[in-house]
Amino acid sequence: MAQEYDIIIIGGGPAGLSAGLYAARSKAKTLILEHGKWGGQAATTEELENYPGSIEQPTGPEITARMKKQAEEFGAETKVEAVTKVELKGDIKTVATENGEYRSKTVIIATGAKPRLMGIPGELELRGKGVSYCATCDADFFTDLNVAVIGGGDSAIQEALYLTKFAEKVTVIHRRDELRAAKTLQDKAFANEKIDFIWDSVPVEIMGDGIVERLKLKNKKTGEISEIEADGVFIFVGYDPVSDLVKDLVETDERGYIITDEEMRTSMDGVFAAGDVRKKMLRQVVTAAADGAIAAVAAEHYMAEKFE
Ligand code: NAP
């Protein structure tokens, strides 16, 4: 017999954990499923300096661990299981994992987003051998070495700043001549002596014999090709939604982000989405946590109307 829940939340980042907290506090029978590491991308961020209340900079792993503990203390069940299939039509939804099947009156999709690949030669071959998408995870492998950071957004600049605590030199390579990142991050990066910038350029190949050694660059304005030496390449060129599981079942935009209304309702009755997987203007821990809270309360309202 499949176990039955009121609310199943898929994804254990800030959106899912916040949904779990609100769901469990309202006494809904709640299960949060996470396929990998709890805390989502926030757990791979060393300094969450723009999450309200984190002025003394609790790190991403610490604050997300507390979010999980808090949801559990109010009664949310948490399991590390990869969801393999969902059936979302009808009053009772089915969520299948590698370990079995769960049934639920509502489902909240909080599967987040994953780093976008550049798709250049050498990237996949040298992944984990100098190519990385997570400075918090890998920075200390590059102590006193030279690293390149690709991208000009918040992620690239925040992670470049973090890398300066370890690396000898950090070269930010950006495809335009101005950064997209928030002004406060830009100011810090420009003031940091360890950070250099290469403007108007994109990497076209990551090179090395079993380990990253060099990067081939193309200047987008002049077409000129050049090479720089690098022991590591950190790629932060944006994120893609993790919505494969549901993208044929609920309405998404052209990039796969799930479309919801203000109450986090998707196009499918009883199915909600929260956090970075959702089409929205601002993807931050604070907005993910807010989405999760709204989704859980909206799921409560839906159940009250539908089942009572
Ligand atoms: P993003 O804002 O989409 O920035 C991606 C960067 O990569 C841009 O500078 C973009 O260049 C560049 N890029 C994209 N495709 C490229 C390609 N094929 N080749 C070379 N460069 C490429 O992504 P993000 O920085 O990961 O941020 C994602 C979201 O998370 C944003 O909403 C961001 O505000 C948020 N975030 C916030 C914080 C924070 O508040 N501290 C930290 C991390 C992330 P262009 O600028 O030319 O488009």
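Residues numbered from 1 in each chain as written. Predicted model: local features only at pLDDT ≥ 70, side-chain atom pairs only at ≥ 80, totals over all residues. Heavy atoms only, no water.

Enquirer: An account of unusual backbone geometry is requested, with residue identities and associated values reported.
Expert: Of note, the phi angle at Lys27 is positive, near 70 degrees, even though the residue is not glycine. Structurally, the position occupied by Lys27 is in the loop between helix H1 (14–25) and strand E2 (30–34). Judged by its relative accessible area of 72%, Lys27 is exposed. With phi around 70 degrees, Met264 is a residue other than glycine that occupies positive phi space. Secondary-structure assignment places Met264 in the loop between strand E16 (239–241) and strand E17 (271–273). On the basis of relative accessible area, Met264 is assigned to the buried category, the value being 3%. (Helix = DSSP H or I, 4+ residues; strand = E, 2+ residues; numbered from the N terminus. Buried < 20%, exposed > 50% of the residue type's maximum accessible area, 1.4 Å probe, protein only.)

Enquirer: Hey, could you go over the domain arrangement of the protein chain for me, with residue numbers and the actual values?
Expert: The domain boundaries assigned to the protein chain delineate domain 1 (3–114 + 239–307) and domain 2 (117–235). Once you take the C-alpha centre of each, domain 1 and domain 2 turn out to be 32 Å apart. The interface is formed by six residues belonging to domain 1 together with ten residues belonging to domain 2. Roughly 650 Å² of surface becomes buried between domain 1 and domain 2 when both sides are summed, with 39% attributable to carbon and sulfur atoms. Area buried by domain 1 at its contact with domain 2 is led by Thr44, Glu46 and Glu49, which between them contribute 59% of it. The interface formed by domain 1 and domain 2 includes one salt bridge. Note that Lys188 is salt-bridged to Glu49, the shortest N-O span being 3.1 Å. Put simply, domain 1 and domain 2 have two residue pairs in polar contact (both at pLDDT 80 or more) between them. (Domains from an automatic or database assignment. Contact = heavy atoms within 4.5 Å. Buried area = accessible area lost by both parts, 1.4 Å probe. Salt bridge = Lys/Arg side-chain N within 4 Å of Asp/Glu carboxyl O. Polar contact = N/O pair within 3.5 Å; in protein donor to acceptor, adjacent residues only side chain to side chain.)

Enquirer: Before we move on, could you go through the site of the ligand and cite the residues and values that matter?
Expert: The immediate surroundings of the ligand are formed by 19 residues, with Asn50, Asp154, Ser155, Gln158 and Arg180 found nearest. Within the contact set of the ligand, an oxygen atom lies 3.2 Å away from a backbone nitrogen or oxygen of Gly153. Protein burial of the ligand: of its 910 Å² of free accessible surface, 76% is covered by the chains. Ranked by residue count, the leading element in the shell around the ligand is helix H4 (residues 154–163), at three residues. Of the residues assigned to the shell around the ligand, the class counts are five nonpolar, nine polar and five charged. Both of domain 1 (3–114 + 239–307) and domain 2 (117–235) provide at least three residues apiece to the shell around the ligand. (Near = heavy atom within 4 Å. Areas by Shrake-Rupley, 256 points an atom, 1.4 Å probe, with all protein chains shown as cover. Nonpolar A, V, L, I, M, F, W, Y, C, P; charged D, E, K, R; others polar.)

Enquirer: Residue-level account of a positive patch on the surface, with values.
Expert: Together, Arg175, Arg180, Lys218 and Lys220 make up a positively charged patch on the protein surface. Look at Lys218 and you get partly exposed, because its relative accessible area is 37%. (Patch = residues over 30% accessible without salt bridge, like charges linked within 9 Å, V, L, I, M, F, W, Y side chains within 5 Å. Lys, Arg positive; Asp, Glu negative; His and termini not counted. Charge placed at Lys NZ, Arg CZ, Asp CG, Glu CD.)

Enquirer: Tell me what's going on with the nonpolar core, and back it up with residues and numbers.
Expert: Membership of the largest hydrophobic core comes to 32 residues, with the highest contact counts inside it found for Ile7, Ile9, Ile32, Tyr51, Ile108 and Phe272. The greatest single-element share of this core, amounting to nine residues, is contributed by helix H6 (residues 285–307). Setting aside its immediate chain neighbours within four residues, Ile9 contacts Gly16, Ala19, Gly20, Thr30, Leu31, Ile32, Leu33, Ile108 and Ala110. The next biggest cluster of nonpolar side chains, apart from the first, holds 22 residues, and it includes Ala135, Val147, Ile157 and Leu179. (Core = buried A, V, L, I, M, F, W, Y, C linked by side-chain atoms within 4.5 Å.)

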